[in-house]
Amino acid sequence: MQDPNKDTEWNDILRKKGILPPKENLEEQERAKEEEQFAILQKSLVKTYEDMTLEELEENEDEFNEEDERAIEMYRQQRLAEMKAAQMKNKFGEVLEISGEDYVQEVTKAGKGIWVVLHLYKQGIPLCALINQHMSGLAKKFRDVKFIKAISTTCIPNYPDKNLPTIFVYLEGDIKAQFIGPLVFGGMNLTRDELEWKISESGAIKTDLEENPRKQIQDQLMSSIRACVPARGESDSEDD
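What this report covers is the structure whose coordinates are included nearby. The residue numbers shown here count from 1 along each chain, following its written sequence. Only residues with pLDDT of at least 70 get local features here, since the model is predicted, and only at 80 or more are side-chain atom pairs given and counted; chain-wide, interface and lining totals rely on the full set of residues. In computing side-chain values, all of the structure's heavy atoms are included and hydrogens and water are not.

Before going further, it helps to spend a moment on the overall build of the chain. We count a stretch as a helix when DSSP gives it H or I for four or more residues in a row; a strand needs E for two or more, and each element gets its number in order from the N terminus. Per the secondary structure count, the chain includes 11 helices and five strands. A burial count over the chain gives 28% of its 240 residues as buried. Within the chain, contacts between residues at least 6 apart in sequence are counted, and of these 58% link residues at least 24 apart. Taken as a whole, the chain presents about 16,800 Å² of accessible surface, with 50% of it coming from carbon and sulfur. Here's how the labels work: a residue is buried when its accessible area is under 20% of the maximum for its type, exposed when over 50%, partly exposed in between, all with a 1.4 Å probe on protein chains only. Residues count as neighbours in contact if any of their non-hydrogen atoms are within 4.5 Å of one another. Only the protein chains shown count as covering a residue, and every accessible area follows the Shrake-Rupley method with a 1.4 Å probe.

This part is about the nonpolar core. Buried Ala, Val, Leu, Ile, Met, Phe, Trp, Tyr and Cys residues that are joined via side-chain atoms within 4.5 Å together make up what is termed a nonpolar core. Membership of the largest hydrophobic core comes to 22 residues, with the highest contact counts inside it found for Val 117, Ile 131, Phe 147, Ile 167, Phe 185, Leu 195 and Ile 199. Mapped by element, the contributors of at least two residues to this core are strand E2 (115-121), helix H6 (126-141), strand E4 (166-171), strand E5 (174-180) and helix H9 (192-200). Tallying contributions element by element places H6 first for this core, with six residues. Apart from residues no more than four positions distant in its own chain, Phe 185 is found in contact with Leu 127, Ile 131, Pro 165, Ile 167, Phe 179, Leu 190, Leu 195, Lys 198 and Arg 214.

Looking now at H6. What a helix is expected to span follows from its residue count: subtract one and scale by 1.5 Å. Taking 1.5 Å as the rise per residue, H6 with 16 residues should run 22 Å; its terminal C-alpha atoms sit 23 Å apart, in good agreement. By the burial criterion, the buried members of H6 are Leu 127, Cys 128, Leu 130, Ile 131, Asn 132, His 134, Met 135, Gly 137, Leu 138 and Ala 139. Elements that come into contact with the buried residues of H6 comprise E2, strand E3 (146-151), E4, helix H8 (182-185) and H9.

One way to put it is that H6 packs onto H9 with a least axis distance of 10 Å and a crossing angle of 65°. The pairing of H6 with H9 is recorded here as roughly perpendicular in orientation. For the crossing formed where H6 meets H9, the hand is right-handed. Contacts from Ile 131, His 134, Met 135, Gly 137, Leu 138 and Lys 141 in H6 reach Arg 192, Leu 195, Glu 196 and Ile 199 in H9. For the contact of H6 with H9, the class distribution of residues is five nonpolar, two polar and three charged. Axis lines are fitted through C-alpha atoms, for helices just across the contact stretch, and the angle between N-to-C directions can take any value from 0 to 180 degrees. Orientation is classified from the angle alone, with under 35 degrees giving roughly parallel, over 145 giving roughly antiparallel, 65 to 115 giving roughly perpendicular, and any other angle giving oblique. Definitions for this section: a left-handed crossing has its near helix turned counterclockwise from the far helix by less than a right angle. A right-handed crossing has that turn clockwise. For this scheme, ten residues count as nonpolar: Ala, Val, Leu, Ile, Met, Phe, Trp, Tyr, Cys and Pro. Four count as charged, namely Asp, Glu, Lys and Arg, and the remainder, Gly too, count as polar.

Turning to the side chain of Ser 152, a few remarks are in order. Note on placement: Ser 152 falls in helix H7 (residues 152-155). If near-sequence neighbours (up to four positions away) are discounted, Ser 152 is found in contact with Leu 120, Tyr 121, Lys 122, Tyr 159 and Leu 164.

A few words now on the sheet that holds E3. On the basis of which strands lie adjacent, the open sheet formed by five strands has the order E1-E3-E2-E4-E5 and mixed pairing. Of all the strands in the sheet, just strand E1 (96-97) and E5 have a single pairing partner and so form its edges. As paired elements, E4 and E5 share six bridges and run antiparallel to each other. Of the residues in E5, the one forming a bridge with Phe 168 is Gln 178. Contacts from H6 reach E2, E3 and E4, with the element oriented near 160° to E2. In this scheme, strands are said to pair when DSSP sees at least two bridges between them.

A few words now on the environment of Arg 143. Inspection of the secondary structure assignment puts Arg 143 in the loop between H6 and E3. On the basis of relative accessibility, which here comes to 32%, the residue Arg 143 falls in the partly exposed class. Once the C-alpha coordinates of Arg 143 and Gly 93 are considered, the two residues, 50 residues apart in sequence, prove to be 4.4 Å apart. Between N or O atoms, a polar contact is any pair within 3.5 Å; within protein, one atom must be a potential hydrogen donor and the other a potential acceptor, and residues adjacent in sequence are included only when both atoms are from side chains. Here Lys 140 takes part through its backbone oxygen, which lies 3.3 Å from a polar atom of the side chain of Arg 143.

The next subject is the pairing of E2. Of all seven residues that make up E2, seven are buried, and the element is covered over most of its length. Side chains Trp 115, Val 117, His 119 and Tyr 121 project from E2 onto one buried face, and the interleaved Val 116, Leu 118 and Leu 120 project onto a second face that is buried too. Tracing the backbone out of E2, into H6 and back to the parallel element E3 gives a crossover that is right-handed. By the criterion used throughout, a crossover qualifies as right-handed when its path from the first strand across the helix to the second strand runs clockwise, the strands pointing away from the viewer.

None of the figures reported here should be taken as evidence of function without further support.
The structure is reproduced here in structure tokens:
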């Protein structure tokens, strides 16, 4: 079969009849095809610095000019900041058990910008066990916050059991909130959402709850009480 791209008398006749496209269109199509193939080849063989890992950047730094190096340095700093932020966000994730000897290291020296939630508890107190259970769930949800627990008397000698459970919230070694005693937590009906809301009010965690879960329970309780108590008019008419 004759090549339609060749300059022959027969091809000229076919072009005039409209059977073959004009020669200019063929050249444009051929040029576009070559450019597309070159782009695909370039993309497959050459990685831009934005696609490279930090190790690859170091290996290929001799191939970049001064302008590239400035851009690469900015990109490297951005990547390092992103990696650090990701590490901080997933730094913890579980409740750490400590003793009094660990307090300074784990609480006072926790680090800049690190929130610490400390639960003082004792074995055999059901509400303490419930809060430890809830804290395990919160630690997995808020991995950038350090959740720790300690038997009360190992941190504070002679700490009274009547004050348990106790939760202290710290930021950079300073107490930002404290919750002391069973009444503060509402007893054994305490839910994880309620504990999350309570801790979030200190600023330690950013909750996705829209309102205090305890308020919903209180509203339901008040509605039930109002439904059970007869209206004043009804009460008076029954007396008559």
